[in-house]
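# Observations on the three-dimensional arrangement
These are the residues of each chain, in order.
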Amino acid sequence: MLATIITLVSSILFSQSPFFSEYAEGTSNNKYLEIYNSTSETVDLTQYAYPNVSNGPSEAGTHEWWNTFDDGATVAAGDVYVICHGSADDLIQAECDETHSYLSNGDDGYALIKGTEDSFEVLDV
């Protein structure tokens, strides 16, 4: 347990790229992904994407759907960017930066990547 906590804290302190800081799957459509910008600069999320798979990938490292961030999307240094379901509760909607109707149900996977669909680096899953 202590090793896991140390690893998590180290990855947060020394990360030079955004990462998933929270994922929530509540009742009904109360779902969201939270991306934390651990860098010292505002990040242009149009250089990133969040591809996903439904019911686990058939081949590790592949995606079924390529999801791009909204035009002009940015996340300030030390801030979070929240992607939520468009029908989520008002409390979630108040924090939401963009909506995505196909947020997961348990075994669906999302990745945070930098690059294009043809050439990218996986930052977090």
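Located above this text is the structure these notes cover.
Here goes a summary of the coordinates provided.

Each helix and strand counted, the protein has two helices and eleven strands in total. In sequence order, the secondary structure elements of the protein are arranged as α-β-β-β-β-β-β-β-α-β-β-β-β. Within the protein, the fraction of its 125 residues that count as buried is 35%. Residue pairs in contact within the protein that sit at least 24 positions apart in sequence constitute 54% of those at least 6 positions apart. Put simply, the protein shows about 7,500 Å² of open surface, and 50% of that area lies on carbon and sulfur atoms.

A few words now on the side chain of Asn-52. In this fold, Asn-52 is placed in strand S5 (residues 52-53). Here the side chain of Asn-52 touches Asn-67 through a polar contact of 2.7 Å, side chain to side chain. When residues no more than four places from it in sequence are discounted, the contact partners of Asn-52 are His-63, Glu-64, Trp-65, Asn-67, Gly-109 and Tyr-110.

This next bit is on the layout of surface pockets. Roughly 200 Å³ of volume is contained in the largest pocket. Lining of the largest pocket is provided by 15 residues; of these, Gly-61, Thr-62, His-63, Ala-111 and Val-125 occupy positions nearest its centre. When contributions to the lining of the largest pocket are tallied by element, the ones reaching two or more residues are S5, strand S9 (109-110) and strand S11 (120-124). Along its surface, the second largest pocket is lined by Asn-52, Ser-54, Trp-65, Asn-67, His-100, Ser-101, Tyr-102, Leu-103, Asn-105 and Asp-108. Among the residues making up the lining of the second largest pocket, the classes are represented as three nonpolar, six polar and one charged.

Another aspect to go through is the sheet that holds strand S4 (residues 48-49). Sheets are built from strands that pair by backbone hydrogen bonding, the pairs being arranged parallel or antiparallel. Reading across the sheet, the three strands line up as S4-S10-S11 and stay open at both edges, with antiparallel pairing between neighbours. Of all the strands in the sheet, just S4 and S11 have a single pairing partner and so form its edges. With four bridges joining them, strand S10 (residues 112-115) and S11 adopt antiparallel strand pairing. Counted as the bridge partner of Lys-114 is Glu-121 from S11.

Once that is clear, we can look at the sheet that holds strand S1 (residues 19-25). Taking strand neighbours across the sheet as the criterion, the four strands line up as S1-S2-S7-S8 in an open arrangement whose pairing is mixed. Single-partner strands in this sheet number two, and they are S1 and strand S8 (98-99). Judged from the five bridges that link them, strand S2 (residues 31-36) and strand S7 (residues 80-84) form a sheet pairing that is antiparallel. Paired with Tyr-36 across the two strands is Val-80, which belongs to S7.

Conventions adopted
Residues numbered from 1 in each chain as written. Predicted model: local features only at pLDDT ≥ 70, side-chain atom pairs only at ≥ 80, totals over all residues. Heavy atoms only, no water. Helix = DSSP H or I, 4+ residues; strand = E, 2+ residues; numbered from the N terminus. Buried < 20%, exposed > 50% of the residue type's maximum accessible area, 1.4 Å probe, protein only. Contact = heavy atoms within 4.5 Å. Areas by Shrake-Rupley, 256 points an atom, 1.4 Å probe, with all protein chains shown as cover. Polar contact = N/O pair within 3.5 Å; in protein donor to acceptor, adjacent residues only side chain to side chain. 1 Å grid on protein atoms, 1.4 Å probe; cavity = no way out; pocket = protein on both sides within 12 Å on 5 of 7 lines; lining within 4 Å. Points joined across faces, edges and corners; volume = space filled by probe spheres on them. Nonpolar A, V, L, I, M, F, W, Y, C, P; charged D, E, K, R; others polar. Pairing = 2+ DSSP bridges.

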